[in-house]
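# Coordinate inspection notes
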Amino acid sequence: MPLSDHEQRLLQQMEQALYDEDPKFAEGLRKPRAAKMDRTRFIMGIGGVVLGLAILVAGAATSWAVIGILGFLAMIAGAFVAYRAWNGNIDQEAAAAAADAQSASAPKPSPSSDDEGFMNKMEERWRKRREQGGDTL
């Protein structure tokens, strides 16, 4: 379902307000992030899964439940290491970007009532609508 002209204008205004308030964050949202992988950690994780599976099978063959449980835990640990190797770099980039955004600039002075920001106006309208009981869709 396409957006109406009014909705498109509102969306453009919101995008512009985002660029005005935090251009670094807005630019980061536009760029696609490619998944990066630490190959050695990923291979170690897969090796841990395979080793855990072998230990699990050995525990089942010897009927020692403790060995089977240890094998299962090794499989879980290996899978976690492989998962973090696949997605860990993206998480670190996001944390670094958040830290940069917090320490990037000094606090801005609050806008005057005449020069109130677009987002503040939208939030105020939303609060009024909720207070009046118009929050049902």
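Residues numbered from 1 in each chain as written. Predicted model: local features only at pLDDT ≥ 70, side-chain atom pairs only at ≥ 80, totals over all residues. Heavy atoms only, no water.

### Remarks on the overall build of the protein
In plain terms, the rule: Per the convention used, a helix needs a DSSP run of H or I reaching at least four residues, while a strand needs a run of E reaching at least two, with both numbered from the N terminus. Here's how the labels work: a residue is buried when its accessible area is under 20% of the maximum for its type, exposed when over 50%, partly exposed in between, all with a 1.4 Å probe on protein chains only. In this description, contact between two residues means that some pair of their heavy atoms is separated by no more than 4.5 Å. Values of accessible area rely on a 1.4 Å probe in the Shrake-Rupley scheme; residue burial ignores everything except the protein chains shown.
What the protein contains, in helices and strands, is five helices and zero strands. Counted from the first residue to the last, the protein has its helices and strands arranged as α-α-α-α-α. The buried share among the 137 residues of the protein stands at 10%. Look at the contacts in the protein between residues 6 or more apart in sequence, and 61% of them connect residues 24 or more apart. Accessible area of the protein: about 11,300 Å², with a carbon and sulfur share of 62%.

### Points about the pattern of salt bridges
To be explicit about the condition: Each salt bridge in this description consists of a side-chain nitrogen of Lys or Arg and a carboxyl oxygen of Asp or Glu lying within 4 Å of one another.
Taken as a whole, this structure holds two salt bridges when the rule is applied. Among the ionic pairs, Arg-127 bridges to Glu-123, the shortest N-O distance being 3.7 Å. A residue pair is termed a helical-turn pair when its members lie 3 or 4 positions apart in one helix, as Arg-127 and Glu-123 do in helix H5 (residues 118–131) at four residues. Judged by its relative accessible area of 41%, Arg-127 is partly exposed. What you see here is one network of salt bridges that share partners, running through Glu-123, Glu-124 and Arg-127.

### Thoughts on the packing of aromatic side chains
This is how it is decided: Side-chain rings of Phe, Tyr and Trp (the six-membered ring for Trp) are treated as a pair once their centres are within 6.5 Å; stacked means planes under 30 degrees apart, edge-to-face means over 60, and tilted covers the remaining angles.
All told, the structure shown has one aromatic pair when counted by the stated rule. Relative to Trp-86, the ring of Phe-42 has its centre 6.1 Å away and its plane inclined at 50°; by these criteria the two rings are tilted. One end of the pair, Phe-42, is in helix H3 (residues 39–62); the other, Trp-86, is in helix H4 (residues 65–103), and 44 residues separate them in sequence.

### Here we look at a nonpolar patch on the surface
Our working definition: Patches here: salt-bridge-free residues with over 30% relative accessible area, like charges joined within 9 Å, nonpolar side chains (Val, Leu, Ile, Met, Phe, Trp, Tyr) joined within 5 Å.
Together, Val-66, Ile-69, Leu-70, Phe-72, Leu-73 and Ile-76 make up a nonpolar patch on the protein surface, roughly 610 Å² of accessible area in all. Looking at the element boundaries, Val-66 is found in helix H4.

### A word on unusual backbone geometry
Despite not being glycine, Ser-63 has its phi angle at roughly 65°, a positive value. Secondary-structure assignment places Ser-63 in the loop between H3 and H4.

### Here's the deal with the packing of helix H1 (residues 5–21) against helix H2 (residues 23–30)
Applicable threshold: To get an axis, fit a line to the C-alpha atoms, keeping to the stretch in contact for a helix; angles then go from 0 to 180 degrees between the N-to-C directions. Angles are sorted into four bins: roughly parallel if under 35 degrees, roughly antiparallel if over 145, roughly perpendicular if 65 to 115, and oblique for all others. All amino acids are sorted into three groups, where Ala, Val, Leu, Ile, Met, Phe, Trp, Tyr, Cys and Pro are nonpolar, Asp, Glu, Lys and Arg are charged, and the leftover types, Gly among them, are polar.
For the pair H1 and H2, the least separation of the axes is 5 Å and the interaxial angle reads 125°. Between H1 and H2, the interaxial angle falls into the category oblique. Contact residues: Glu-15, Leu-18, Tyr-19, Asp-20 and Glu-21 in H1; Pro-23, Phe-25, Ala-26, Glu-27, Leu-29 and Arg-30 in H2. Within the contact of H1 with H2, the residues separate by chemical class into six nonpolar, no polar and five charged.

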